[in-house]
Amino acid sequence: MHPITVKSIYHASATLFGLALGDALGAKTEFLNVAEILRTFPPHGPQEPKGNPILVTDDTQMALAVGEALLKAERPYTARTLEEPLRRAFIDWSNSPDNNRAPGLTCMRACANLERGMPWYEATVATSKGCGANMRVAPVGLLPLGKDSVTDTTRAAIAQFQAALTHGHPTGLAAADLTAATIADLANGGDVEGLPGRLRAYAQSQCTVYHTDWLGPLWQRAGVRSPEAFIARGWDECLEVLNRLDAALQVMDRESDPCLATGEGWVAEEAFATGLLCFLLFPHDPVAAIRRAAVTKGDSDSIACLTGAFAGAHFGMEAWPQAWVSRIEYHERLARLGAAWD
């Protein structure tokens, strides 16, 4: 156990390193059910990430792409200033020799369309709400309010916009927004006990907010009557999964697979909810939280990367064993990105 009783500083760095460490731990168990995981990593599943460097997956790679695009973009952020840095970062990722970690098909298809020069709202996979939309969004949640004219509304729009370049389904957009809002809440000292209620209130407040200046004509691809009706579909699904999260928190079952309560995480709203559930099941033990997230039958690396990001945002760098942090792949890039916002 690695219980934490006092929160430390460097919450941005801790978010990013937590994301990467969770990703690495869950990478070994993705595509396995719980029984297979326990047979492969007896008796309790993987307990620590192995290797030097500790290898991550496309989840961390794409989070770095989003974060580095944010640093390169002209400020203040608009769709005009951010589209090209994001497009270039995603294309560079898709063509990288390091992109050999079972990348998501939606991301690869959309990146190929972006590389062909298609408008982003045509390049995106309009029917996809896969977890690629939000497993990479943590850097957006770390943007400091007030700096570079960033507001709550700007942050929400950016979270949805980075998702929309590859995943055009409204639930992918809403789940990315909700994930970034969770990171921001925890990194700024939000208490764990009240978090689910604050997230529900936030989701309800956003139900008909379509960020037209950022999302443009995307809504028209869904065949709905209005942009408000488009985005409401996504928030409705996020509110439904928050209901499932609330039910799971009433039980606080730390032994059963969390996927049974909030879903297997292949889609964005379930990855968010199951990643958050694993954190909330172990609110004082971030290492136990990512271990729990890795022993899941679903998209274990994406679930665990989100669990690690939430835990890191809440606790700061004290959350993670230094021996793990020092060996994680892309250590210098993660540290540089974290330092920009700590």
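Each remark here, short or long, concerns the structure printed above.
Throughout what follows, the structure given in this document is the object of discussion. (Residues numbered from 1 in each chain as written. Predicted model: local features only at pLDDT ≥ 70, side-chain atom pairs only at ≥ 80, totals over all residues. Heavy atoms only, no water.)

## Quick look at the layout of surface pockets
For step 1, the next point in the chain: Computed from the structure, the largest pocket encloses a volume of approximately 380 Å³.
For step 2, the next point in the chain: Lining the largest pocket are 15 residues, and of these His 44, Arg 254, Glu 255, Phe 282 and Arg 292 lie nearest its centre.
For step 3, the next point in the chain: Those elements that place two or more of their residues in the lining of the largest pocket are α2 (34-40) and α15 (286-294).
For step 4, the next point in the chain: Looking at the lining of the largest pocket, the element that brings in the most residues is α15, giving three residues.
For step 5, the next point in the chain: Here the residues of the lining of the largest pocket are counted per class, giving eight nonpolar, three polar and four charged.
For step 6, the next point in the chain: Taken as a whole, the second largest pocket encloses approximately 280 Å³ of empty space.
For step 7, the next point in the chain: What lines the second largest pocket is a set of 16 residues, among which Glu 68, Ala 89, Asp 92, Trp 93 and Arg 333 lie closest to the centre.
For step 8, the next point in the chain: Listing elements by their share of the lining of the second largest pocket, those giving two or more residues are α3 (58-72) and α4 (79-95).
For step 9, the next point in the chain: Of the residues belonging to the lining of the second largest pocket, the class tally is seven nonpolar, three polar and six charged. (1 Å grid on protein atoms, 1.4 Å probe; cavity = no way out; pocket = protein on both sides within 12 Å on 5 of 7 lines; lining within 4 Å. Points joined across faces, edges and corners; volume = space filled by probe spheres on them. Helix = DSSP H or I, 4+ residues; strand = E, 2+ residues; numbered from the N terminus. Nonpolar A, V, L, I, M, F, W, Y, C, P; charged D, E, K, R; others polar.)

## Structural notes on the pattern of salt bridges
For step 1, the next point in the chain: Applying the stated rule across the entire model yields 15 salt bridges.
For step 2, the next point in the chain: Residue Arg 198 is joined to Asp 185 by a salt bridge in which the shortest nitrogen-to-oxygen separation is 2.7 Å. In this pair, Arg 198 is assigned in helix α10 (residues 195-205) and Asp 185 in helix α9 (residues 170-187), connecting sequence segments 13 residues apart.
For step 3, the next point in the chain: For Asp 246, the salt bridge is made with Arg 200, and the minimal N-O distance between the two is 2.9 Å. With Asp 246 in helix α12 (residues 227-251) and Arg 200 in helix α10, this residue pair connects regions lying 46 residues apart in the sequence.
For step 4, the next point in the chain: Salt bridges linked by common partners bring Lys 129, Glu 237 and Glu 269 together as one network. (Salt bridge = Lys/Arg side-chain N within 4 Å of Asp/Glu carboxyl O.)

## Description of the packing of α4 against helix α5 (residues 105-115)
For step 1, the next point in the chain: At a minimum axis separation of 9 Å, α4 and α5 run at an interaxial angle of 120°. With respect to their mutual orientation, α4 and α5 come out oblique. Helix-helix and strand crossings are classified by hand; for α4 and α5 the assignment is left-handed. Between α4 and α5, the residues in contact are Arg 87, Phe 90, Ile 91, Trp 93, Ser 94 and Asn 95 and Cys 107, Met 108, Cys 111, Leu 114 and Glu 115, respectively.
For step 2, the next point in the chain: Grouping the amino acids of the contact of α4 with α5 by side-chain chemistry returns seven nonpolar, two polar and two charged. (Axes fitted to C-alpha atoms, helices over the stretch in contact; angles between N-to-C directions. Parallel < 35°, antiparallel > 145°, perpendicular 65-115°, else oblique. Left-handed = near helix turned anticlockwise from the far one by under 90°. Contact = heavy atoms within 4.5 Å.)

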